[in-house]
Amino acid sequence: MAEMLKVEDLHVYYGSIHAVKGISFEVHEGEIVTLIGANGAGKSTTLNTVGGLLKARSGHILFEGKDLHGVPANKVVAEGMALCPEGRRVFQHMTVLENLEMGAYTRSSAEAEETLEKVYGLFPRLKERYRQVAGTLSGGEQQMLAMGRALMSRPKLLMLDEPSMGLAPILVQQIFDIIVDMNKQGTTILLVEQNAQMALSIANRAYILETGKINHSMEGDAADLLNSEEVKKAYLGG
Amino acid sequence: MLANLINGISLGSVYAIIALGYTMVYGIAKMLNFAHGDVIMVGGYIAFYSITLMGWPPALAVLAAIVVCTALGIVIERLAYKPLRSATSLAVLITAIGVSYFLQNAALLLWTSNTKVFPNIFEKLPGLRLGAMQIAPVTIITVLANIVIMVTLTLFTTKTKMGKAMRAVSEDKGAATLMGINVNRTISLTFAIGSGLAAIAGVLLCTAYPTLQPTTGSMPGIKAFTAAVFGGIGSIPGAMLGGILLGVIEIFGKAYVSTQLSDAIVFAVLIIVLLVKPTGLLGRKVNEKV
Ligand SMILES: Nc1ncnc2c1ncn2[C@@H]1O[C@H](COP(=O)(O)OP(=O)(O)O)[C@@H](O)[C@H]1O
Ligand SMILES: [Mg+2]
């Protein structure tokens, strides 16, 4: 499989806080790759840096061979990478449809209309509520909107930051089913999760992040990790 | 009574146009651009000299004022506010006050403190007779301009891609960036629109109250800011409503209570409204993002 994203020796700081300490990983075309780790491990920092919201102190972010280090987020989208950020961050005072339109900001209106139908296919709930103001949606619906909005830019690679956060188990299952569907429809996925069980069960490969570093003794095939005693102990509650 | 109401609506329309600039900039940059009032004054001078010195027709003079103020707004944002994008709001506020003084003093140097008498540019237009009452053309044009601006802005922010992007930026800059929106350019555009409107307000104000000095913009600026807060800062219809109410209250206060106390009445009303509804009349609660 072709390499889509390759992150090399990435270092990210918040002022003097060294949050991401030289991590490297890669995502191949068509995969679901998950980055799991405890709260504060640096998962969001990594994703936000790849997405261009934060600037790395050093390292490389190669997307389809192109170095995106220092490219701002609004340009990254046009390259074919979308980030669905932690906490959803839908535009609360805008309607569902307007949120989706914003997702297609870098696209022509013809492309946007076409993609909208696909997104409505994945999320029929959004179609039903297209005129509703996003802030009045339930948590699960807002997550769907955030994911649909990210899809509207037609990304080759979709990065999801804790899509299960704060959702009831039944909704979590639903969201993960949709992630698998999106992947089947051709979108490569980089998934960040605290819910390691769920993430490992749908991913092809996984990396484990511990205080800013990837634990290389526990990486690779997601199914293997799901059965590994070490991972079970540390991340699966037993 | 009716005459006062019409005067109030007319004055309030000017406040509303100025308040739009405050409210749009606040909505998007989360800052109070205290120099906004002084942009009005610059617009007034540009129009004044375009007419008296260059001999340009009023329409061209208004256009010149809009062009200069729009450019000025963009430059102010770029030079004074953009470097402070991540600074504390207090630093930004102090800078805005500094820019305000800078503009006033630059005007003093360029155009001296001598009061200029602004020409009546709508002289040739017919007024409107309402029974025994004559409504001046400037009054009619001010109210019309306000309505046109309000409708245009509402359509712009709800129907166009750029306008929706502006609302997205005002809600969440990070999320807007992730959509591919250029946040800096959007902020710049907002300043441009606000300042262009200030130019229009400047010409209307100077035509209705035809004296022009470097401090001309201060008081209307503060009143319009009050109107923006009154209506709910960040809200476009709020700016409209706040502006008109403020104008009407001010004129009625002058007519029926006391000329000296009219401003005090205006602010007293503001305080009462804010006590009852802290977000202003049409303001909405800002949910703080974590
Ligand atoms: N804006 C910030 N300023 C300073 N430190 C931060 C900021 N955001 C995150 N951090 C720190 O960086 C580390 C990694 O955080 P984060 O990437 O959010 O972790 P995760 O997403 O894995 O929970 C944590 O120690 C956190 O406290
Ligand atoms: Mg996180």
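Here, every reference points to the structure presented above.
Residues numbered from 1 in each chain as written. Chains lettered and ligands numbered in written order. Predicted model: local features only at pLDDT ≥ 70, side-chain atom pairs only at ≥ 80, totals over all residues. Heavy atoms only, no water.

So, on to the pairing of strand E2 (residues 17-28) of chain A. All names here are of chain A. Sheet analysis places strand E1 (residues 3-14) next to E2, joined by nine bridges and oriented antiparallel. Considered in E2, the bridge of Leu 10 is made with Ile 23. Counting the residues that bridge the hairpin from E1 to E2 gives two residues, and of these Gly 15 lies at a positive phi of roughly 60°. (Pairing = 2+ DSSP bridges. Helix = DSSP H or I, 4+ residues; strand = E, 2+ residues; numbered from the N terminus.)

Protein-derived ligands of the magnesium ion (ligand 2) are Ser44(A) (OG) and Glu86(A) (OE), with the metal-ligand distances lying across 2.0 Å. With Ser44(A) in helix H1 (residues 43-50) and Glu86(A) in the loop between strand E6 (81-84) and helix H3 (96-103), the pair connects residues that are 42 residues apart, well separated along the chain. (Donors = N, O, S within 2.8 Å, 3.2 Å for Na, K, Ca; no water.)

Evaluated as defined, the whole model comprises 17 salt bridges over all chains. The salt bridge partner of Lys6(A) is Glu3(A), with a shortest N-O separation of 4.0 Å. In this structure Glu3(A) comes out as partly exposed when scored by relative accessible area, which is 39%. The partner of Lys254(B) in a salt bridge is Glu250(B), with the nearest N and O atoms 3.1 Å apart. Of this pair, Lys254(B) and Glu250(B) both sit in helix H10 (residues 236-257), four residues apart, which is roughly one turn of the helix. A relative accessible area of 3% places Glu250(B) in the buried class. (Salt bridge = Lys/Arg side-chain N within 4 Å of Asp/Glu carboxyl O. Buried < 20%, exposed > 50% of the residue type's maximum accessible area, 1.4 Å probe, protein only.)

All right, on to the packing of aromatic side chains then. Applying the stated criterion across every chain yields a total of 10 aromatic pairs over all chains. Relative to Phe118(B), the ring of Phe48(B) has its centre 6.4 Å away and its plane inclined at 40°; by these criteria the two rings are tilted. With Phe48(B) in helix H2 (residues 36-52) and Phe118(B) in the loop between strand E1 (116-117) and strand E2 (128-130), this pair connects stretches of sequence that are 70 residues apart. Cluster of aromatic residues (ring-pair linked, three or more members): Tyr45(B), Phe48(B), Tyr49(B), Trp111(B) and Phe118(B). When the ring centre of Tyr13(A) is taken as reference, the NZ or CZ atom of Arg57(A) above it lies at 3.8 Å. Geometry around Phe91(A) places Arg149(A) over its ring, the cationic atom sitting 4.9 Å from the centre. (Phe/Tyr/Trp six-rings, centres within 6.5 Å; stacked < 30°, edge-to-face > 60°. Lys NZ or Arg CZ within 6 Å of the ring centre and 35° of its normal.)

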